[in-house]
Amino acid sequence: LNINEYQFNNNKKEVIFTENLKVDVQNYFKKYGNDLIFAVTPFNKISFGVSSKNERKNPFSIARGFVDEDEYVFVLNGTSANAIPKNIEIISKFGTYKLEFNVNEVENTFVVKRYVKLNKNKYDKSEYSDFVEFLNQIEKHDQTKVSFQS
């Protein structure tokens, strides 16, 4: 991993922290014949580590909601997409998750935009399994891979 450029902006007034990075990553793609496979979200994957195995006895709350937006731009260098995944959008009372894909043929790039919003709120114990399912869907889609042909 080589960090070529970085810029941080901590806007304390609006409580927004922004980081812009330009990196080169060696050996990120897995090669299978002429196919290059890679994860569309290389950084900032969320792992909540929650379990719905036990029956909740009390209500639960999300004390601090947040919004997390990421944009990844992959330079294609002469490769072409085998299949681009469909955009994903999950909206629930707990928050929103979006994963959007776009091939820009003019700039020869593959752009992935990821948006996660977790709502601050108090919830009844009966809603916990739905909450866990929402988080599990985020974790699942953060593992999305795409295939390009070299």
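To be clear, the structure that these remarks concern was listed above.
Residues numbered from 1 in each chain as written. Predicted model: local features only at pLDDT ≥ 70, side-chain atom pairs only at ≥ 80, totals over all residues. Heavy atoms only, no water.

S.K.: Looking at this model, I keep getting lost on helix H1 (residues 128-141). Mind explaining?
M.R.: An α-helix turns once every 3.6 residues. As a result, residues three or four positions apart point the same way. Between its terminal C-alpha atoms H1 stretches 20 Å, which fits the 20 Å expected from 14 residues at 1.5 Å a residue. Those residues of H1 not exposed but buried are Tyr128, Phe131, Val132, Phe134, Leu135, Ile138 and His141. Buried residues along H1 sit against strand E5 (60-62), strand E8 (88-92), strand E9 (95-104) and strand E10 (109-118). (Helix = DSSP H or I, 4+ residues; strand = E, 2+ residues; numbered from the N terminus. Expected span 1.5 Å × (residues − 1). Buried < 20%, exposed > 50% of the residue type's maximum accessible area, 1.4 Å probe, protein only. Contact = heavy atoms within 4.5 Å.)

S.K.: Could you clarify how one ought to interpret a nonpolar patch on the surface in this entry?
M.R.: A contiguous nonpolar surface patch, about 850 Å² in accessible area, is contributed by Leu1, Ile3, Tyr6, Phe8, Phe17, Leu21, Val25 and Phe43. Secondary-structure elements contributing two or more residues to the nonpolar patch are strand E1 (2-11) and strand E2 (16-24). A total of three residues in the nonpolar patch trace back to one element, the largest contributor, which is E1. Of the residues examined, Tyr6 reaches a relative accessible area of 59% and is grouped as exposed. (Patch = residues over 30% accessible without salt bridge, like charges linked within 9 Å, V, L, I, M, F, W, Y side chains within 5 Å. Areas by Shrake-Rupley, 256 points an atom, 1.4 Å probe, with all protein chains shown as cover. Salt bridge = Lys/Arg side-chain N within 4 Å of Asp/Glu carboxyl O.)

S.K.: Even after reading the chapter, I still don't get unusual backbone geometry, so can you show me in this structure?
M.R.: What you tend to see is this: most non-glycine residues have negative phi, and most peptide bonds are trans. Of note in the backbone geometry, Val15 takes a positive phi value of approximately 55° without being a glycine. One can find Val15 in the loop between E1 and E2.

S.K.: Is there a simple way to think about the pattern of salt bridges in this case?
M.R.: Two side chains carrying opposite charge are able to pair once their charged atoms lie near each other. Per the counting criterion, the structure on display carries six salt bridges. A salt bridge links Lys113 to Glu71, with the shortest nitrogen-to-oxygen separation between them at 3.8 Å. Taken as a pair, Lys113 in strand E10 and Glu71 in strand E6 (residues 66-75) lie far apart in primary sequence, 42 residues in all. Taken together, the salt bridges that share partners define one network made up of Asp68, Asp70, Arg114 and Asp142.

S.K.: Honestly, the sheet that holds strand E3 (residues 30-32) in this entry has me stumped. Any pointers?
M.R.: Strand pairing in a sheet relies on backbone hydrogen bonds, with the paired strands running either antiparallel or parallel. Spatially, E3-E4-E12-E7 is the arrangement adopted by the four strands of the open sheet, whose pairing is antiparallel. The open sheet has two edge strands, E3 and strand E7 (80-83), and neither has a second partner. Going from strand to strand, the sheet's axes swing by 35° on average, the running direction of each strand aside. Where E3 lies against strand E4 (residues 35-39), three bridges are found, and the strand directions are antiparallel. Counted as the bridge partner of Lys30 is Ile37 from E4. (Pairing = 2+ DSSP bridges. Axes fitted to C-alpha atoms, helices over the stretch in contact; angles between N-to-C directions.)

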